[in-house]
There are 2 protein chains.
Amino acid sequence: MFRFYFLICGLFMLLLETGLNAAEPLPSWNESSSKTAILNFVTQVTKAGSDHFVAPEDRVAVFDNDGCLWCEQPFYSQLAFAIYRVKKLAPEHPGWNREEPFRSILLGDTSKAFASGHKGIAELIAASHSGMTATEFSQAVEDWAANDRHPRFERSYIECVYQPQLELLAYLRENGFKTYIVSGGGIDFMRPWTERVYGIPPEQVVGSSIKSVYEVRDGIGVVVKKPELNFVDDKEGKPVGIHHHIGKRPILAVGNSDGDFQMLEYTTTGTGPRMGILIHHDDAAREYAYDRDSHVGKLNKGLDEADSRGWVLVSMKQDWKQIFPPAE
Amino acid sequence: MFRFYFLICGLFMLLLETGLNAAEPLPSWNESSSKTAILNFVTQVTKAGSDHFVAPEDRVAVFDNDGCLWCEQPFYSQLAFAIYRVKKLAPEHPGWNREEPFRSILLGDTSKAFASGHKGIAELIAASHSGMTATEFSQAVEDWAANDRHPRFERSYIECVYQPQLELLAYLRENGFKTYIVSGGGIDFMRPWTERVYGIPPEQVVGSSIKSVYEVRDGIGVVVKKPELNFVDDKEGKPVGIHHHIGKRPILAVGNSDGDFQMLEYTTTGTGPRMGILIHHDDAAREYAYDRDSHVGKLNKGLDEADSRGWVLVSMKQDWKQIFPPAE
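Residues numbered from 1 in each chain as written. Chains lettered and ligands numbered in written order. Predicted model: local features only at pLDDT ≥ 70, side-chain atom pairs only at ≥ 80, totals over all residues. Heavy atoms only, no water.

All names here are of chain A. The seven strands are arranged 4-3-2-1-5-6-7 in an open sheet whose pairing can be described as mixed. Only two strands of the sheet have a single neighbouring strand rather than two, namely strand 4 (220-231) and strand 7 (312-315). When strand polarity is set aside, the average angle formed by the axes of neighbouring strands in this sheet is 35°. Pairing of strand 2 (residues 178-186) with strand 3 (residues 205-217) involves three bridges; the strand directions are parallel. Among the inter-strand pairings, Val 182 is bridged to a residue of strand 3, identified as Val 206. (Pairing = 2+ DSSP bridges. Helix = DSSP H or I, 4+ residues; strand = E, 2+ residues; numbered from the N terminus. Axes fitted to C-alpha atoms, helices over the stretch in contact; angles between N-to-C directions.)

Moving on, we come to the environment of Phe81(B). All names here are of chain B. Here Phe 81 lies in helix 3 (residues 77-89). The sequence separation of Phe 81 and Val 141 amounts to 60 residues, and the corresponding C-alpha distance is 7.3 Å. With near-sequence residues (within four places) excluded, Phe 81 lies in contact with Ser 128, His 129, Phe 137, Ala 140, Val 141, Trp 144 and Phe 189. (Contact = heavy atoms within 4.5 Å.)

The next thing to look at is the pattern of salt bridges. Residues and elements named next belong to chain A. Taken as a whole, this structure holds 34 salt bridges over all chains when the rule is applied. The salt bridge partner of Arg 309 is Glu 305, with a shortest N-O separation of 2.8 Å. Placement of both Arg 309 and Glu 305 in helix 12 (residues 301-309) is noted, with a separation of four residues, approximately one turn of the helix. By relative accessible area, which is 30% here, Arg 309 ends up partly exposed. Glu 305 gets classed as partly exposed once you look at its relative accessible area, which sits at 23%. (Salt bridge = Lys/Arg side-chain N within 4 Å of Asp/Glu carboxyl O. Buried < 20%, exposed > 50% of the residue type's maximum accessible area, 1.4 Å probe, protein only.)

Let us look at the state of the cysteines. One pass over the structure, following the stated rule, counts zero disulfides over all chains. As a non-bridged cysteine, Cys160(A) has Cys71(A) as the owner of its nearest cysteine sulfur, 5.8 Å distant. (Disulfide = S-S within 2.5 Å.)

Next comes the structure, spelled out in structure tokens:
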């Protein structure tokens, strides 16, 4: 009997303290209709007894990665990785000095490297992403993450993540949400660092993939990456990837481009309380400004339909106090 | 200051009580070398400061389903589902009275239905598993789980699960493991009931799959199942499925057939403490006895190599006090 008394007293006081500490969620978000909408949604679905209450196991939140959780300009970070990797591997491939797209990459002329279109990109991906075990690939990604630098922000790419989104991820998890990444980027390219950077473990990362096969090398079972496409987790692929990995319709989806349209549509056309959020890149001074005509992260249909679908359009310029975390 | 005193007193007393209650884990397992090996392994990897300690996020345990967590004789339960489904749908398909394999299924002659081999099975899977949304398929599985009965045990198939394994799953989770199913069976066939029956949520189920596509029907985004194979999560497919869904090498794998060989090999050839377990069906009286020559759940290579690989061979007859949970 006494133990329950002690326990309840202790827990009550701890909860009180926690409540006081958590007085201001999302500190890097300005007071705005976007922030209010997020806070209201989370309050609504977590309030026991409310008509809009959602059980913790159904509080699934999905986030796009490129342009939603981290910077995707002036080009996708995964392309920066591929280029970094080709430069690193070049001494073992003397022929690359004569073959495109490698020759142009080694000469630093990225636009010429991709003048041949898909063929050049496919060769680059094959050379930089396959022919090694999953563990070796993970090490290659860690090497890049530690050593390559974003050309404009002069910090590692994994430091070019959005501080307000780190806070949103944490706030959702504090409220019983399970947070997932659902990205068009490579699943194995994200997993080595998503737990450290976003607090999202490998099993909660959904992405595009190339084929893998199982082999035994020197008595050790290993998964080997092959130069063949397996799944494209973009556009109508996103709901399919969500179904395959999670097996549940999310209640909250956050994206930034038309590649996320179907993910937001799938999320917000379910029954019960739902929320869709689009991050609008409108801050050329602190990051980049692009939408309808961008070659990367094009947002056109989403801008047209956000209002009629009840999706929240977040202005990076107006709604975010800061873009990136303080430099390390 | 006081709150911590209260909290610590309360927690201490609760822990004491929990400790006393948990005095005997795995109650349906007889005292045996198998049980001892499991308890020792879990103690070893959870003991802080031990050389063999494994951080909670790396305590990944994978379980096969058919013949490992539930009965797979006299045929796979998923085949029973397909037959149940064909009978249910027959009134809408008058032609099935003349077409194989449907004609033989409707006449109750399963062996004749599959005399045509893969073609008949493919047609059966297409008719029973595709052409509907994922939600509709889930409802069809729930209908089958509630109403079909195992021919020998005269209870629902989802009650033909192994009580000792339910206890093992719970014991592992109490010790900070994350438990996954990695099955050759269909991922969408398992997900509707694995949380209720095994305590394993949909996102921790890995399995074989057919292709899915995203569509909008009456304004609602839905995932639709197509009659085309996507992934076979068996044999060398299992490590690939594990890598794709979990992104980590497990430290514990439990199977029962040669279809699980590569999963156990992948798990146990990693560095650090590892455990492989094979359930041996040697109990014809209480369940079934089969191994090297079985058409379902063949265990041949595993029997040959379990000893040299240090895998624990569990005898259902010797090691398990009871097979199934009490009838509901």
